[in-house]
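Results of the structural survey
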Amino acid sequence: MTLKVGVIGTGMIGQDHIRRLTQVLSGVKVVAVSDIDGARAAAVAPEGAAVFATAGDLIRSETVEAVVICSWGPAHEEQLLDCIAAGKPVFCEKPLVTTAAAALRVMEAEVAFGRRLVQVGFMRRFDADYRRLKATLDSGTLGAPLMFHSTHRNAAVPEGLYTSDMPLNDTLVHDADISRWLLNDEVRGVEVRVPRRSRRGKELRDPVVVLLHMGSGVLVDVEISVNIAYGYDIRGEVSCEEGTASLPLRPATVIRDIHGVRQLVPADWCGRFIEAYDQEFREWIGAAARGTATGPSTWDGYAATLVADAALKAVESGELQPVRMRDRPSLYSTTLEAPPVTDVSGHALRSRRQQS
């Protein structure tokens, strides 16, 4: 069976997903595209794919069985609601939506439909290194987690296009989501501190340090540096009662020569997370073919939106901002466990839930 997919939004990430769906993955075919720039949509459409004037027309097409949303954030709510009304599984790039109220409207529509249809593009959950880290924490061998140190560094961001709110409104959502997922926990409060600013960022508020207060008492500190010059560097270490667990540096190859010992740093997100993007779509295709969704849900998109909103308030107030969530609907599973993975020796890591 081949899943027939329509892609909304044919900018950089939309084009990369079209490449992924047409050249890398199996069991899927891009049969339609749409973009506010019709000429761009026509230029990148795969051979034989229909080009629709509007996202709504694409969603309502009888040819399209599932939808990938890569449009700009403010358009997501209407497109998601249209997909749910049509009963079509949808992969939505982050952000899910741009306000908590919009997230609730999407959630209520999905709950009323009675089945999950939405998967949000938090690709870190599909990264093999993060999955091994989570499996280690879930196994309980290190005792309870106490602190999580998360680092997100970019070599540079486009001047004039990347604003001071974006580290908290766009970048932080990845760290917030992965923290919730790794720790099986919710964020209850957010603090933000702004240290000495980098001259490379000019007037940009960069770097920033965010402190996430989790419901269990775990503290998560997030460093976001977006003009650090040397590369795209994602790090994570969890400090537990009986040890620590951390992400390996990527790529893993260590070079020794007359210049010394060094390890290359990815230049951008493609070099670090390309396999995670592929894997999230493999799992989405399998679920969408069954008429449902997997992985990060509308609830997770809602939680990330609340954290971003709290961070934007915290950076202005200088105070701890609470994160108040509504009760989780029963449609969304309470477990945040990862699929089974193996440790470095190839042995399956079992969670505490699996052991009991």
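Basis of the calculations
Residues numbered from 1 in each chain as written. Predicted model: local features only at pLDDT ≥ 70, side-chain atom pairs only at ≥ 80, totals over all residues. Heavy atoms only, no water. UniProt positions renumbered as here; feature names shortened; annotations may be inferred. Helix = DSSP H or I, 4+ residues; strand = E, 2+ residues; numbered from the N terminus. Pairing = 2+ DSSP bridges. Axes fitted to C-alpha atoms, helices over the stretch in contact; angles between N-to-C directions. Phe/Tyr/Trp six-rings, centres within 6.5 Å; stacked < 30°, edge-to-face > 60°. Buried < 20%, exposed > 50% of the residue type's maximum accessible area, 1.4 Å probe, protein only. Lys NZ or Arg CZ within 6 Å of the ring centre and 35° of its normal.

1. A word on the UniProt feature "domain: Gfo/Idh/MocA-like oxidoreductase N-terminal" (unreviewed entry) in the chain
Mapped onto this numbering, the UniProt entry gives "domain: Gfo/Idh/MocA-like oxidoreductase N-terminal" (unreviewed entry) at residues 3–122. Note that residues 3–122 is 42% helix and 22% strand, and that its end C-alpha atoms are spaced 22 Å apart.

2. As for unusual backbone geometry
That bond from Lys94 to Pro95 is cis: its omega, 0°, falls within 30 degrees of zero. Looking at the secondary structure, you find Pro95 in the loop between strand 5 (90–92) and helix 5 (100–113). Omega for the bond connecting Arg250 with Pro251 falls within 30 degrees of zero, at -5°, which places this linkage in the cis form. Tracing the backbone through its elements, the reader meets Pro251 in the loop between strand 12 (243–246) and strand 13 (254–257). With phi around 80°, Ala229 is a residue other than glycine that occupies positive phi space. Mapped onto the elements, Ala229 comes out in the loop between strand 10 (219–225) and strand 11 (233–240).

3. Let's talk about the pairing of strand 14 (residues 260–263)
Where strand 13 meets strand 14, 4 bridges bridge the pair, whose relative direction is antiparallel. Note on strand 14: the bridge partner recorded for Ile255 is Arg262. Linking strand 13 back to strand 14 in an antiparallel pair, the connection comprises 2 residues.

4. Concerning the sheet that holds strand 5
Taken in spatial order, the 6 strands of this open sheet run 3-2-1-4-5-6, and their pairing is parallel. The open sheet is flanked by strand 3 (50–52) and strand 6 (118–120), the only strands paired with a single partner. Each neighbouring strand pair of the sheet contributes to a mean axis angle of 25°, computed without reference to strand direction. The pairing of strand 1 (residues 3–8) with strand 2 (residues 28–34) spans 6 bridges and is parallel. Within strand 2, the position partnered with Val7 by the bridge is Val33.

5. Structural notes on the packing of aromatic side chains
Under the criterion given, the structure shown has 6 aromatic pairs. The interplanar angle of 70° and the centroid separation of 6.2 Å between the aromatic rings of Phe91 and Trp284 together place this pair among those described as edge-to-face. Here Trp284 lies in helix 8 (residues 269–289) and Phe91 lies in strand 5, a separation of 193 residues in the sequence. The buried category is assigned to Phe91, whose relative accessible area is 0%. Linked through ring pairs, Phe91, Phe281 and Trp284 together constitute an aromatic cluster. When the ring centre of Trp181 is taken as origin, the NZ or CZ atom of Lys134, which lies over that ring, is 5.3 Å away.

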